[in-house]
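Report on the structure
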Amino acid sequence: MDERLYPALILDALRNVRYPGNGKDIVSLEMVDDDIRIDGRKVSFTLVFDKPTDPFMKSVAKAAATAIRTYIADDVEATVATRAKQPAAAPAAPVLPGVKNIIGISSGKGGVGKSTVAANLAVALAKEGYSVGLLDADIFGPSVPKMFGVEDEQVYMHEVDGHPLIIPLERYGVKLLSIGFLVDKDSAVIWRGGMASNALKQLIAEADWGNLDYFLIDMPPGTSDIHLTLIQTLQLTGAVIVTTPQEVALADARKGISMFTNEKINVPLLGLVENMAWFTPEAHPDERYYIFGREGGVKLAEKLGVRLLAQIPVVGSICEGGDDGRPAALRDDTITGQAFIHLAHELIDATSSSQTGDNI
């Protein structure tokens, strides 16, 4: 018989071979590896067993070779290899075992106030009684040191269980680390992507963050390899996207949302923050001027089915507070302070809903 050989024909023949342990055929049991090779009238393939000590390994391999000759042609030479399944890799230990929630604060573009939102959200969560850490991962434009008034502070290390760890600074109840603590604040950081990624990994894994309820990461704007480094290094609880109401910012916000929801990344999107939603004169809190457009973030959230976490107004004090190292969230008797407390509450609820699988 001179029948042309092809993989499906080989599998059909092997369906006649039963595994003695349960009587099922070896093809349906997925014991035939995906390595069938055909060279003229010679066939080779591998059978996979659960254990290297399987008592039926030799007999099943012999039966498989016989099935090829019996059900295809007796001139077909079958070489059957065997191997055991690879043991499942043990799950990697979490990089930050003492941290309950890791939240990425991101934006599709720069200039939308992402770092301001991250800093004030951290302070607001701390005011609500949560233990909070904030990592300034914006390698090329670190602003957290200035926002917290710690630009000239030095960071030190101490030993924990025989390992030297960086001690985060603490300000307003928030543990802080930033690349800005390690470089000249008046010089540009000129690093290749790999250097930046390694620096971030050190600030995460080689720092004594301790036990935290929330670990916020102020990510660089846009989508880059830094984002991938953070996602690969940490198991993010979720991401928050910051945008402003105008169309150019909303277009970039869509890209940021698309990155996190990509099936290969698959980080839960906790919600959208519309920053600079309107301008309000501090002396006239009831007045609203929509200088960047009206409710663009609201409409985007509705269109994409994303939770709108908060609308943050522009008030003079929010800029002054950031420049003076006193985030606006420190004062809950102001318009912006109340907005950030509201954002903190919404984030807490969104995080809880994401973890329980409830609809947001």
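What you are looking at is a predicted structure, and each value in this text was computed from that prediction instead of being measured. (Residues numbered from 1 in each chain as written. Predicted model: local features only at pLDDT ≥ 70, side-chain atom pairs only at ≥ 80, totals over all residues. Heavy atoms only, no water.)

Let us now look at the packing of aromatic side chains. Tallied over the entire structure, the rule returns six aromatic pairs. Plain terms: the ring middles of Tyr-130 and Tyr-214 are 5.5 Å apart, the flat faces sit at 85° to each other, and that makes the pair edge-to-face. Residue Tyr-130 is found in the loop between helix 3 (114-127) and strand 5 (132-136), and its partner Tyr-214 is found in strand 10 (residues 212-218); the two are separated by 84 residues along the sequence. You can call Tyr-130 partly exposed: its relative accessible area is 30%. Between Phe-279 and Tyr-289, the aromatic rings sit 6.5 Å apart at their centres with planes inclined by 35°, giving tilted as the arrangement. A residue pair is termed long-range when its members are at least 10 positions apart, and Phe-279 in strand 12 (residues 269-279) and Tyr-289 in the loop between strand 12 and helix 8 (296-304) qualify at 10 residues. You can call Phe-279 partly exposed: its relative accessible area is 30%. It is Arg-288 that lies over the ring of Trp-278; its NZ or CZ is 3.7 Å from the centre. (Phe/Tyr/Trp six-rings, centres within 6.5 Å; stacked < 30°, edge-to-face > 60°. Helix = DSSP H or I, 4+ residues; strand = E, 2+ residues; numbered from the N terminus. Buried < 20%, exposed > 50% of the residue type's maximum accessible area, 1.4 Å probe, protein only. Lys NZ or Arg CZ within 6 Å of the ring centre and 35° of its normal.)

Okay, the side chain of Ser-115 next. With respect to the helices and strands, the residue Ser-115 is situated in helix 3. Not counting residues within four places of it along the chain, the set of residues in contact with Ser-115 comprises Ser-143, Met-147 and Asp-218. (Contact = heavy atoms within 4.5 Å.)

Okay, helix 7 (residues 247-261) next. Between the first and last C-alpha of helix 7 there are 21 Å, a value that for 15 residues agrees with the 21 Å anticipated at 1.5 Å per step. Here helix 7 has its buried residues at Ala-249, Leu-250, Asp-252, Ala-253, Gly-256, Ile-257, Met-259 and Phe-260. Buried residues of helix 7 fall within an arc of 165° about the axis and therefore sit on the same side. Seen from the open side of helix 7, the exposed residues pointing more than 90 degrees away from its buried face are Glu-247, Val-248 and Lys-255. (Expected span 1.5 Å × (residues − 1). Arc of directions from axis to C-beta.)

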